[in-house]
Amino acid sequence: MSTKNISIRIDENMLDKLHVIADYEGRSFNSEVLILIRDAIKKYETQHGPIDFKTFNRK
C-alpha cells in the first residue's frame with residue numbers, strides 16, 4: 001500500500017485542539033489524525049458493511 005499526502009482546510013481552533021489531543025496521547029499530530037480516520041472507517045463499516053470500491057467507482 002502506498003502512502004499519499006493530502007491537504008485539508010481546518011479551523012485554527014480545531015487544529016489547536018487536535019494538537020493538544022495528540023500531545024496528551026503521546027502521538028504525533030499525523031498519527032493522531034490517522035487514528036481518527038481509521039476509527040471513522042471502522043465505525044462506518046461496522047454499521048454499513050465493508051466498503052466496496054466497485055460500488056462507489058473509486059479507488
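In short, a report on the structure. (Residues numbered from 1 in each chain as written. Predicted model: local features only at pLDDT ≥ 70, side-chain atom pairs only at ≥ 80, totals over all residues. Heavy atoms only, no water.)

Concerning the overall build of the protein chain
Convention followed: Secondary structure elements are taken from DSSP: a helix is a run of H or I of four residues or more, a strand is a run of E of two residues or more, and numbering for both begins at the N terminus. Radius of gyration: over C-alpha atoms. The globule rule applied is 2.2 Å multiplied by the number of residues raised to the 0.38 power. With a 1.4 Å probe rolled over the protein chains alone, any residue whose accessible area is under 20% of its type maximum counts as buried; one over 50% counts as exposed, and the rest are partly exposed. Residue-level accessible areas treat just the shown protein chains as cover; the underlying method is Shrake-Rupley with a 1.4 Å probe.
Helix and strand counts for the protein chain stand at three helices and zero strands. Sequence-ordered secondary structure for the protein chain, helices as α and strands as β, is α-α-α. Whereas a compact globule of 59 residues would reach a radius of gyration of roughly 10 Å, the protein chain reaches 14 Å, over 25% beyond that. Counting only C-alpha atoms, the protein chain reaches 35 × 25 × 25 Å along its principal axes. In the protein chain, which comprises 59 residues, the proportion classed as buried is 7%. For the protein chain, the accessible area works out to roughly 6,000 Å², and carbon and sulfur atoms hold 55% of it.

Some details on the pattern of salt bridges
Stated precisely, the cut-off is as follows: By convention in these notes, a salt bridge is any Lys or Arg side-chain nitrogen within 4 Å of a carboxyl oxygen on Asp or Glu.
Tallying each qualifying case throughout the model produces three salt bridges. A salt bridge links D39 to R38, with the nearest nitrogen and oxygen atoms 3.0 Å apart. Connected via shared salt-bridge partners are E25, R27 and E32.

With respect to the packing of helix 1 (residues 12–25) against helix 2 (residues 29–48)
Rules: Note on geometry: axes are C-alpha line fits, over the in-contact stretch for helices, and angles between N-to-C directions span 0 to 180 degrees. For classification, angles of less than 35 degrees are called roughly parallel, those exceeding 145 degrees roughly antiparallel, those between 65 and 115 degrees roughly perpendicular, and all remaining angles oblique. Any pair of residues with heavy atoms lying within 4.5 Å of one another is described as a contacting pair. Amino acids are sorted into nonpolar (Ala, Val, Leu, Ile, Met, Phe, Trp, Tyr, Cys and Pro), charged (Asp, Glu, Lys and Arg) and polar (every other residue, Gly among them).
Remark: helix 1 packs on helix 2, axes separated minimally by 9 Å, with the N-to-C direction vectors making an angle of 95 degrees. Of the possible angle classes, the one that applies to helix 1 and helix 2 is roughly perpendicular. Contact residues: L15, L18, H19, I21, A22 and E25 in helix 1; F29, E32 and L36 in helix 2. Residue composition of the contact of helix 1 with helix 2, grouped by class: six nonpolar, one polar and two charged.

Looking at helix 1
Side chains that are three or four residues apart share a direction in an α-helix, a result of its 3.6 residues per turn. Rule in force here: By this rule, a helix spans an expected 1.5 Å times one less than how many residues it contains. For this analysis, a polar contact is any N or O atom pair within 3.5 Å, provided that within protein one partner can donate a hydrogen and the other can accept it, and provided that sequence-adjacent residues contribute only side-chain to side-chain pairs.
An ideal rise of 1.5 Å per residue puts 20 Å on 14 residues; helix 1 measures up with 20 Å between its terminal C-alpha atoms. Where helix 1 starts, the residue carrying a side-chain oxygen 2.9 Å from the main-chain nitrogen of N13 turns out to be D11. The positive-phi residue at the C-terminal boundary of helix 1 is G26, with phi of around 75 degrees.

Quick look at the side chain of E32
As for its placement among the helices and strands, E32 is situated in helix 2. Setting aside chain neighbours within four positions, we find E32 in contact with I21, A22, E25 and R27.

In short, the description is geometric, and any link to function would need to be established separately.
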